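Per-entry structural report
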Amino acid sequence: MKDSAACFAIEQPPEKPEYIVLRDIIPDREARYDRGSIDNKVISTEAPADLSPPVEPALLLPGPRKPLHRFKVLQTWEGTILEISGDECRAIIRDRTTPENQDEEITFSIEEIPESDRPLALPGAVFYWSIGYDDRLDGQRNRVSSIRVRRIPVWTDKELKAARREAESLGERIGWK
Amino acid sequence: MVVDSCLDRESRQPIALKYLTELGIDVATSVKLFVITHWHDDHLKGAADILSACRDAKFVCSEALRSTEFIQFVRICSTRSFMVSSGVDEFDRIFEKLQRRSTGERPESVGPDLWAIADRRLLYLPKNNRSFNVEVFALSPSDTAMTLALSEIGQLLPRAGTPKRRAVAQRPNHVSVALWIIVGNLNILLGSDLENHRDKRLGWRAVVLSPNRPRGRAFVVKVPHHGSSNAYYHKMWSEMTTPEAAALLTPFASGKRPLPSQDDVEKIRSHTSQIYCTGRPQGWRPPRRDSTVDKTVREIARTRRVVHGPMGQVRLRLSAQRGLDDPTIELFGEAQHLT
Ligand SMILES: [Zn+2]
C-alpha cells in the first residue's frame, strides 16, 4: 500500500450499519474524502470526517484484499459545537442511531478531538461522534470513541454578494425598505 | 396578544394557538399583537404559524432585525449552508409570511407592523365597552442597544473564505424586547431575555433609569432571561414591581449551567415568595443505551443532559367580574411553585 495513495472506503449493509470496514483503496478516491494518508503500521479506525454522515452511502470496492480492521459501530451522533471555553467544548448532539431520542447537550475536553481537527472546532462546526469496537485481524478488540469534525466548504465572495442582493429584494418585498 | 412561541410536544402546534383555540377564541380577529422578543431558538418555534393564523395582529420585533444585514444573515443560514435547527430557520419562514401579508393577505385596517424600541406604546385599546383599558409598551431595546445590535448583526455575517458553519445563538442579548402591559390599573412586566450591562444605557439599568417609561409597579413579572443572575437587577424588582409580585419563571436547561440556579432563585425570593416555574431547570436524564456506549460516554462527557422535555404551564387569570386585583394562578404539567 502506497502511503499517499491510501484512503478509506466504507462498506456497510444496506439497512442498519453494523460494521464499517476500512480498507485501502485506489488513489483517485483520495480527493473526494481528503483524509490525508495512512500508513501500514497505524491505521486509524476513526470514521472518515468528510463523509456526511459517516455511515451514509456505501462505497464498496471490489478487490481481493481482506479488510485490515473492522469497526463495529454501536452508536453515532451528529453534533454541533456551541461553545469552546478553555479546554472545554460544549455541544448539542443528535442521535443518528436512534433518531427518536431527544438531543442532548454535553461538555467534553477538547482533547477528545483529534489534533488535526482542532482548528476546525469552532462554534457552529459540525462533528460526528462514533462509539464502537475496533476488531483487528489478529483477534484484538478495542473499544473506540472517535470524534471527527466535518470539513465544510467555505463561503465565496460571489455567494455572499448574491445573498446580499437577495436580502435587499426580500426587504423590499416585505415592505421594510 | 401573543409573545414569542414554542411548540406543544404532542401536537407540534404552537402552544399559544392551541390554548387560545381551545378557549374558543378566534385567533384570526382577536389577537391584536404578536411580539417576537428576539431571534433565539427557544423563543421562536412555530412563530411563522402564529403569524399566519393571527391575521389581524400587528407583528412586533426589534428594529435591529429589520436591517438588510439581519435578513442577509437569515437567508445565508437557511438556504446556503448546513445551518439547521436554530431560530434563524424560523425567521426565514417569518419573512416568507410577512412577504405574503404585504401582498394583500391582510386587511388594510390592521395598519403597519411595529418596531419595538424603549418606551414606545405598541397597543392602546380604550375602555369603550369593557370596564378597563389596555396598553402595551416596549421597555427595550434602548437606542444605544439598537446601535450596538446593528454592528453586532453585521459581525454575524460570514466573510468570504470562512467555513459555512451552523448558526449558534450569540450572547449577550441587548435587543431583547421587554414589555409593560397595563390592564386597567394593573401592570404586568414581561422581562423577555433582557440582561444587565455595565453601561447604564443598556439592559435593565437603561429600563429602570428611563424617564419616559410608563410608571407604576407590576404585580406579575415574567422573570428576565430564565432567572439568570446576569439578568437580575435589584432595582428592577424594587422600583418596578409590587412586593410579593407573582414571578413567572421559564427554565432553560441548555447552556453551561441550567437556569435558574438555586442562587438565582434565592435572589428573586428576596423580593417575593410567589415564584412559579414552568418546568424543571436541571434538564432530563439521557436515555439508557448499550452498556459499552454508556460506559464510553461516561468517560468522555463531563456533563450531559437532555435539554428538551415535558413542559408545564403557569396560568394566571384575571376576572373582570370578580375584580382585577384578585388573580388566580393554576399550574399544569411540570409547572411548580418554588417554595
Ligand atoms: Zn431564552
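1. Things to note about the overall build of chain A
Each helix and strand in chain A was counted, giving 2 helices and 6 strands. In chain A, the order of α-helices and β-strands from amino to carboxyl end is β-α-β-β-β-β-β-α. Partitioning the contacts of chain A with sequence separation of at least 6, the portion at a separation of at least 24 is 57%.

2. Description of the sheet that holds strand E9 (residues 218–222) of chain B
Where strands meet in a sheet, backbone hydrogen bonds hold them as pairs that are either parallel or antiparallel. Residues and elements named next belong to chain B. Taking strand neighbours across the sheet as the criterion, the 8 strands line up as E5-E6-E7-E8-E9-E10-E11-E15 in an open arrangement whose pairing is mixed. The two strands at the open ends of the sheet, each matched to only one other strand, are strand E5 (120–125) and strand E15 (336–337). Note that strand E11 (residues 275–277) and E15 share 2 bridges and pair antiparallel. The residue of E15 that forms the bridge with Cys277 is Gln336.

3. Section: the sheet that holds strand E1 (residues 2–3) of chain B
Residue and element names in this part refer to chain B. Pairing is parallel across the open sheet formed by 4 strands, whose spatial order is E1-E2-E3-E4. Strands with a single pairing partner mark the edges of an open sheet, and in this sheet they are E1 and strand E4 (114–116). Here strand E3 (residues 58–62) runs beside E4; their pairing, made up of 3 bridges, is parallel. The partner of Val60 across the bridge, within E4, is Leu114.

4. Details of the coordination of the zinc ion
Residues and elements named next belong to chain B. The zinc ion binds to the protein through Asp42 (OD), His43 (NE2), Asp193 (OD) and His226 (NE2); the donor distances cover 2.0 to 2.2 Å. Geometry at the zinc ion is irregular, judged from the 4 donor atoms that bind it and their angles of 84 to 155° at the metal. Each donor residue of the zinc ion lies on one chain, and together they are spaced D-H-x149-D-x32-H. A residue is classified by how much of its surface remains accessible, and Asp42, at 26% relative accessible area, is partly exposed. Note on His43: relative accessible area 6%, which makes it buried.

5. Examining helix H10 (residues 291–300) of chain B
Three or four residues apart is the spacing at which side chains of an α-helix point the same way, because the helix has 3.6 residues per turn. Thr292, Val293, Asp294, Thr296, Val297 and Ile300 of chain B are the residues of H10 of chain B that are buried. Buried residues in H10 of chain B make contact with strand E2 (69–85), strand E4 (104–109), strand E5 (126–136) and strand E6 (141–149) of chain A together with strand E12 (301–306) of chain B. Capping the start of H10 of chain B, Asp290 of chain B holds a side-chain oxygen 2.8 Å from the backbone nitrogen of Thr292 of chain B, two or three residues further along.

6. Things to note about the pattern of salt bridges
Residue and element names in this part refer to chain B. Within this structure, the stated rule accounts for 32 salt bridges over all chains. Note that Arg100 is salt-bridged to Glu96, the shortest N-O span being 2.8 Å. Highlighted residues: Arg100 and Glu96, both in helix H5 (residues 87–105), separated by 4 residues, approximately one helical turn. Arg100 gets classed as partly exposed once you look at its relative accessible area, which sits at 39%. The closest approach of N and O atoms between Glu334 and Arg280, which form a salt bridge, is 3.3 Å. Of this pair, Glu334 sits in the loop between strand E14 (323–333) and E15 while Arg280 sits in the loop between E11 and H10, and the two are 54 residues apart along the sequence.

7. Things to note about a nonpolar patch on the surface
A cluster of nonpolar side chains, Tyr19, Leu23 and Ile25 of chain B, forms an exposed patch at the surface whose accessible area comes to about 240 Å². If you trace the backbone, Tyr19 of chain B turns up in helix H1 (residues 15–22).

8. Regarding the environment of Val110 of chain B
Take Val110 of chain B: it is sitting in the loop between H5 and E4. Here the alpha-carbon distance between Val110 of chain B and Pro126 of chain B, two residues 16 residues apart in the chain, equals 16 Å.

9. Let's talk about the interface of chain A and chain B
Between chain A and chain B, the contact holds 57 residues from the first and 53 residues from the second. In this assembly, chain A packs against chain B so that about 5,100 Å² is buried in total across both faces, 58% of it on carbon and sulfur atoms. On the chain A side of the interface with chain B, the three residues burying the most area are Arg143, Trp155 and Trp176 of chain A, jointly 18% of the side's total. The tally of links from chain A across to chain B stands at 10 salt bridges. Arg164 of chain A is the salt-bridge partner of Glu69 of chain B, the closest N and O atoms lying 3.2 Å from each other. Connecting chain A to chain B are 27 residue pairs in polar contact (both at pLDDT 80 or more).

10. Quick notes on a positive patch on the surface
Where like charges cluster on the molecular surface, the positive patch consists of Arg285, Arg288, Lys295 and Arg298 of chain B. With respect to the element layout, Arg298 of chain B can be found in helix H10.

11. Things to note about the packing of aromatic side chains
Summed over all chains, the structure comprises 11 aromatic pairs over all chains. Each residue in the set Trp176 of chain A together with Trp39, Phe70, Phe73, Phe91, Phe95 and Trp115 of chain B is aromatic and connected to the rest through ring pairs, giving one cluster. Lying over the aromatic face of Tyr124 of chain B, Arg121 of chain B brings its terminal NZ or CZ to 4.3 Å of the ring centre. It is Lys164 of chain B that lies over the ring of Trp155 of chain A; its NZ or CZ is 5.0 Å from the centre.

12. Quick look at the nonpolar core
Ranked by size, the top nonpolar core spans 45 residues in total, and within it Phe34, Phe59, Phe70, Phe91, Ile94 and Phe95 of chain B carry the most contacts. Mapped onto this core, the elements with two or more residues apiece are helix H2 (157–174) of chain A together with H1, helix H3 (47–53), E3, helix H4 (68–79), H5 and helix H6 (143–156) of chain B. At 6 residues, H4 of chain B tops the list of elements feeding residues into this core. Formed by 26 residues, the second largest nonpolar core is a distinct cluster that contains Trp180, Trp204, Cys277 and Leu338 of chain B.

13. Brief notes about unusual backbone geometry
Residues and elements named next belong to chain B. The omega torsion of the bond from Ser140 to Pro141 falls at 0°, within 30 degrees of zero and hence cis. Its place among the elements puts Pro141 in the loop between strand E6 (134–138) and H6. Cis geometry is adopted by the peptide bond preceding Pro260, which originates at Leu259 and carries an omega value of -5°. Turning to its location among the elements, Pro260 is positioned in the loop between strand E10 (241–249) and helix H9 (262–269). For Asp119, which is not a glycine, the phi torsion comes out positive at approximately 70°. Positive phi, normally seen in glycine, also occurs at Ser192, with a value near 40°.

What counts and how
- Residues numbered from 1 in each chain as written.
- Chains lettered and ligands numbered in written order.
- Predicted model: local features only at pLDDT ≥ 70, side-chain atom pairs only at ≥ 80, totals over all residues.
- Heavy atoms only, no water.
- Helix = DSSP H or I, 4+ residues; strand = E, 2+ residues; numbered from the N terminus.
- Contact = heavy atoms within 4.5 Å.
- Pairing = 2+ DSSP bridges.
- Donors = N, O, S within 2.8 Å, 3.2 Å for Na, K, Ca; no water.
- Tetrahedral: all angles 85-135°; square planar, octahedral: opposite > 155°, others 65-115°.
- Buried < 20%, exposed > 50% of the residue type's maximum accessible area, 1.4 Å probe, protein only.
- Polar contact = N/O pair within 3.5 Å; in protein donor to acceptor, adjacent residues only side chain to side chain.
- Salt bridge = Lys/Arg side-chain N within 4 Å of Asp/Glu carboxyl O.
- Patch = residues over 30% accessible without salt bridge, like charges linked within 9 Å, V, L, I, M, F, W, Y side chains within 5 Å.
- Areas by Shrake-Rupley, 256 points an atom, 1.4 Å probe, with all protein chains shown as cover.
- Buried area = accessible area lost by both parts, 1.4 Å probe.
- Lys, Arg positive; Asp, Glu negative; His and termini not counted.
- Charge placed at Lys NZ, Arg CZ, Asp CG, Glu CD.
- Phe/Tyr/Trp six-rings, centres within 6.5 Å; stacked < 30°, edge-to-face > 60°.
- Lys NZ or Arg CZ within 6 Å of the ring centre and 35° of its normal.
- Core = buried A, V, L, I, M, F, W, Y, C linked by side-chain atoms within 4.5 Å.

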